[in-house]
Amino acid sequence: MTSPDELIASVSPGIATAGWGFYFIPETLERGRGIGLDGFRFYFLGRGGVLGDVEAPVVASAFGYFEPGLVEHMWNTGRERVEPREAGKAYLECAHEMGRARLPDADPRLGAYCDAAQAVVEAAEPAGLALFAGVLGEPLPEDVAARAVHLTVALRELRGSAHLLAVRASGLSPRVAHFLRRPDDFAMFGWKEGDVPQVGDDERRRLATADTLTDELVRPAFGVLDEKGAAALVEGVRALVEGLGLET
């Protein structure tokens, strides 16, 4: 019998990869240009648009790891051009179209995956998980390929939002956690050389604690699956990564 922890460890890398795989592909960039947004602004307006036409600090709090000034600039200059809810819907449609273009609707693994993934999403507690709650409120496509990618985006936001919550609960700032996890991407997220934190064993222990707490937060949702559902989730994630042409 696969335990929830084993299931989470097995599927999380693939969910992360497939859940953001549409962000910067040519088709998404083209859609963004069509509504007046470059790739980076479409990312902020698109991913954050599920929150509504809110102020930049709300978006920064939900994204977590970006330098707040960068979020403010991208969000405010983006929403001068496009209403955030419109951008959010367009961004999810890009995810759907990637699925339709690359995944075979007839693959039986995808249908079973959708059933399993939807069970997890519906069992998850959205309190405190802003981006996950935002995606949760969007309608699911009817066709299997688009539905599979949509649910994967939701699962990615579930873990990402839970991890941000766990980071704070573990006594780390998102800036420090981001530097520990992705030091090579620190500048890309808007941070300057003077923002580089001093980190040591205590910070690394806290990040490890946050990783454990993240699993604890999402475990009840994954725990609703029986052995058949767990296998469907594993096989479906494999089908997604392979079909979308992504690497974990």
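Along each chain, residues carry numbers from 1 onward, in the same order as the chain's sequence is written. Residue-level local features of this predicted model are given only where pLDDT is at least 70; pairs of side-chain atoms are given and counted only at 80 or more, and the full residue set underlies all totals for whole chains, interfaces and linings. With hydrogens and water excluded, all non-hydrogen atoms of the structure serve as input to the side-chain values.

A. Molecular detail of the overall build of the protein. Helix and strand labels come from DSSP, where a helix needs a run of H or I of at least four residues and a strand needs a run of E of at least two; each type is numbered from the N terminus. Looking only at helices and strands, the protein has 12 helices and 0 strands in total. Along its sequence from the N terminus, the protein presents helices and strands in the succession α-α-α-α-α-α-α-α-α-α-α-α. On C-alpha atoms alone, the protein measures out to a radius of gyration of 18 Å, which is about the 18 Å that the 2.2 N^0.38 rule sets for 248 residues. By principal-axis analysis of the C-alpha atoms, the protein measures approximately 50 × 45 × 30 Å. The accessible surface values rely on the Shrake-Rupley method and a 1.4 Å probe; as for residues, cover is taken only from the protein chains in view. For the protein, the accessible surface area stands at approximately 11400 Å², while carbon and sulfur atoms represent 53% of it. Side-chain charges in the protein split into 25 positive and 38 negative, and the spacing between the mean points of these groups amounts to 3 Å. C-alpha atoms define the radius of gyration, and 2.2 Å times the number of residues to the power 0.38 defines the globule rule. The charge count includes Lys and Arg as positive and Asp and Glu as negative, but it does not include His or the ends of the chains. For this purpose, a charge sits on NZ of Lys, CZ of Arg, CG of Asp or CD of Glu.

B. Quick look at the side chain of Thr77. Relative to the helices and strands, Thr77 is located in helix α5 (residues 68-79). Two N or O atoms count as a polar contact when they lie within 3.5 Å, although within protein this holds only if one can serve as hydrogen donor and the other as acceptor, and sequence-adjacent residues are included solely when both atoms are side-chain atoms. A polar contact is formed between the side chain of Thr77 and the backbone oxygen of Met74, at a distance of 3.4 Å.

C. Expanded view of the environment of Ala162. One can find Ala162 in helix α9 (residues 144-169). Ala162 sits 49 residues away from Asp211 along the chain, and the two C-alpha atoms are 9.7 Å apart. Leaving out residues up to four positions away in the same chain, Ala162 has contacts with Leu129, Thr214, Leu217 and Val218. The contact criterion used is simple: two residues touch if any of their non-hydrogen atoms lie within 4.5 Å.

D. Summary view of the packing of aromatic side chains. Aromatic rings from Phe, Tyr and Trp, with only the six-membered ring used for Trp, were paired whenever their centres fell within 6.5 Å, and each pair was classed as stacked if the ring planes differed by under 30 degrees, edge-to-face if by over 60, and tilted otherwise. Tallying each qualifying case throughout the model produces 19 aromatic pairs. Note on Tyr23 and Tyr43: the rings are 5.3 Å apart at their centroids and 65° apart in plane angle, and the pair reads as edge-to-face. Within this pair, whereas Tyr23 is found in the loop between α1 (4-20) and α2 (26-34), its partner Tyr43 is found in helix α3 (residues 39-48), the two being separated by 20 residues in sequence. Partly exposed residues are those whose accessible area sits between 20% and 50% of the maximum for their type, while under 20% is buried and over 50% is exposed, using a 1.4 Å probe and protein chains only. Residue Tyr23 is classed as buried on the basis of its relative accessible area, which comes to 5%. Each residue in the set Trp20, Phe22, Tyr23, Phe24, Phe40, Phe42, Tyr43, Phe44, Phe63, Phe66, Tyr91 and Phe189 is aromatic and connected to the rest through ring pairs, giving one cluster. Geometrically, a charge over a ring is one whose NZ (Lys) or CZ (Arg) sits within 6 Å of the ring centre while staying within 35 degrees of the ring normal. Sitting over the ring of Phe63, Arg47 keeps its end group 4.8 Å from the ring centre.

E. Quick peek at the packing of α1 against helix α12 (residues 227-244). The N-to-C vectors of α1 and α12 enclose an angle of 30°; their axes lie 9 Å apart at closest approach. Between α1 and α12, the crossing angle belongs to the class labelled roughly parallel. In the crossing of α1 with α12, the sense of the turn from one axis to the other is left-handed. Packed against α1, whose contacting residues are Leu7, Ser10, Val11, Gly14, Ile15 and Ala18, the element α12 presents Ala230, Leu233, Val234, Val237, Leu240, Val241 and Leu244 at the interface. Just so you know the grouping, Ala, Val, Leu, Ile, Met, Phe, Trp, Tyr, Cys and Pro go in nonpolar, Asp, Glu, Lys and Arg go in charged, and all remaining residues, Gly too, go in polar. By residue class, the composition of the contact of α1 with α12 is 11 nonpolar, 2 polar and no charged. Here the axes come from fitting lines to C-alpha atoms, over the contacting stretch only for helices, and the angles between their N-to-C directions go from 0 to 180 degrees. Roughly parallel means an angle under 35 degrees; roughly antiparallel means over 145; roughly perpendicular covers 65 to 115; every other angle is labelled oblique. Less than a right angle of anticlockwise turn of the near helix away from the far helix marks a crossing as left-handed, whereas a clockwise turn marks it as right-handed.

F. Examining the pattern of salt bridges more closely. Think of a salt bridge as a Lys or Arg side-chain nitrogen and an Asp or Glu carboxyl oxygen that are within 4 Å of each other. One pass over the structure, following the stated rule, counts 16 salt bridges. Residues Glu138 and Arg85 are paired through a salt bridge, measuring 2.9 Å at the closest nitrogen-oxygen approach. Pair noted here: Glu138 is in the loop between α8 (130-136) and α9 and Arg85 is in helix α6 (residues 84-102), with a separation of 53 residues, a long-range link. Here Asp202 ties to Arg206 by a salt bridge, and the two come within 3.0 Å at their closest N and O atoms. Here Arg206 and Asp202 lie together in helix α11 (residues 201-222), a separation of 4 residues that amounts to about one turn. Judged by relative accessible area, Arg206 falls into the partly exposed class, the value being 33%.

G. Focus on α5. To estimate the expected span of a helix, subtract one from its residue number and multiply by 1.5 Å. The end-to-end C-alpha distance of α5 is 16 Å, a good match for the 16 Å that 12 residues give at a rise of 1.5 Å each. Within the sequence span of α5, burial applies to Leu70, Val71, Met74, Trp75, Thr77 and Gly78. Packing partners of the buried residues in α5 comprise α3, α4 (56-63) and α6. Put simply, Glu67 is the residue that caps the front of α5, since its side-chain oxygen is 3.0 Å from the backbone nitrogen of Gly69.

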